[in-house]
Amino acid sequence: MPGFMLHVGATVLCAHAGQAQPVASNPRVKVGGQPVVTIANTYTVAGCTLPPPNVANGPCVTGQFVSSATRVTAGGQPVLLQDSQSICAPTGTPLSIVVTQVRVKGT
């Protein structure tokens, strides 16, 4: 299913409203002037509100996408799309892509 490509400036949150940022990006391919993010990139999460162990199994620390574009790559790696699925560690909850660029789609 086609979706908008994810870039470094996209707003990505964990399920508990923590801000997620990619650790790296592909600097050679840009969308809207910002580098795209591929499935090889991990995300770090800051500000997760899930309590630590003994109360819950949080907070979210990292996130990794597990699905991506099937036909579009950057640097040999599939790019992430707005509908890509992910999982956070150690909570097992997903990342949510809230805002991204709306000009370039991929499948």
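Worth saying up front: this structure is predicted, and the values here are computed from it rather than measured.

**Student:** Lay out the nonpolar core in plain terms, naming residues and giving numbers.
**Tutor:** Grouped together as the largest cluster of nonpolar side chains are 17 residues, with contacts concentrated most on L6, V12, Y43 and L95. Looking at this core, the elements that each hand over two or more residues are β2 (11–14), β6 (42–46) and β11 (95–99). Setting aside anything within four residues of it in sequence, one finds L6 in contact with V12, V36, V37, Y43, F65, L80, L81, I97 and T100. Listed in part, the 7 residues of the second largest apolar core include M5, V31, V36 and V79.

**Student:** Give a detailed account of the sheet that holds β11, specifying residues and quantitative values.
**Tutor:** Pairing in this open sheet of 6 strands is antiparallel, and the strands run β10-β7-β6-β3-β2-β11 from one edge to the other. Pairing within the sheet leaves two strands with one partner each, and these edge strands are β10 (86–89) and β11. Between one strand axis and the next, the sheet turns through 35° on average, direction left out of account. When β6 meets strand β7 (residues 62–65), the two strands line up antiparallel, connected through 3 bridges. Of the residues in β7, the one forming a bridge with T44 is T62.

**Student:** Report on the pairing of β7, specifying residues and quantitative values.
**Tutor:** Burial of β7 is one-sided: the residues G63 and F65 facing one way are buried, the residues T62 and Q64 facing the other way are not. Across 4 bridges, the pairing between β7 and β10 is antiparallel. Across the sheet, G63 pairs through a bridge with C88, a residue of β10.

**Student:** Let's hear about unusual backbone geometry: which residues, and what values?
**Tutor:** At the junction of A89 and P90, the peptide bond is cis and its omega measures out at 5° in the coordinates. Tracing the sequence through the fold places P90 in the loop between β10 and β11. Although it is not a glycine, A17 adopts a positive phi angle of roughly 75°. Turning to its location among the elements, A17 is positioned in the loop between β2 and β3 (19–22). Look at A17 and you get exposed, because its relative accessible area is 55%.

**Student:** A description of the environment of A15 should follow, citing residues and the corresponding values.
**Tutor:** Its place among the elements puts A15 in the loop between β2 and β3. Classification of A15 as partly exposed rests on a relative accessible area of 46%. When the C-alpha positions of A15 and T49 are compared, they lie 9.2 Å apart, and in sequence the two are 34 residues distant. Not counting the four nearest positions on each side in its chain, A15 is found in contact with T93 and P94.

**Student:** Account for the side chain of H7, with residues named and values stated.
**Tutor:** One can find H7 in the loop between β1 (3–4) and β2. One polar contact links H7 to T100, side chain to side chain, over a distance of 3.3 Å. If sequence neighbours within four positions are ignored, H7 has contacts with V31, Q34, P35, V36, V37, T100 and Q101.

The rules we used
Residues numbered from 1 in each chain as written. Predicted model: local features only at pLDDT ≥ 70, side-chain atom pairs only at ≥ 80, totals over all residues. Heavy atoms only, no water. Core = buried A, V, L, I, M, F, W, Y, C linked by side-chain atoms within 4.5 Å. Buried < 20%, exposed > 50% of the residue type's maximum accessible area, 1.4 Å probe, protein only. Helix = DSSP H or I, 4+ residues; strand = E, 2+ residues; numbered from the N terminus. Contact = heavy atoms within 4.5 Å. Pairing = 2+ DSSP bridges. Axes fitted to C-alpha atoms, helices over the stretch in contact; angles between N-to-C directions. Polar contact = N/O pair within 3.5 Å; in protein donor to acceptor, adjacent residues only side chain to side chain.

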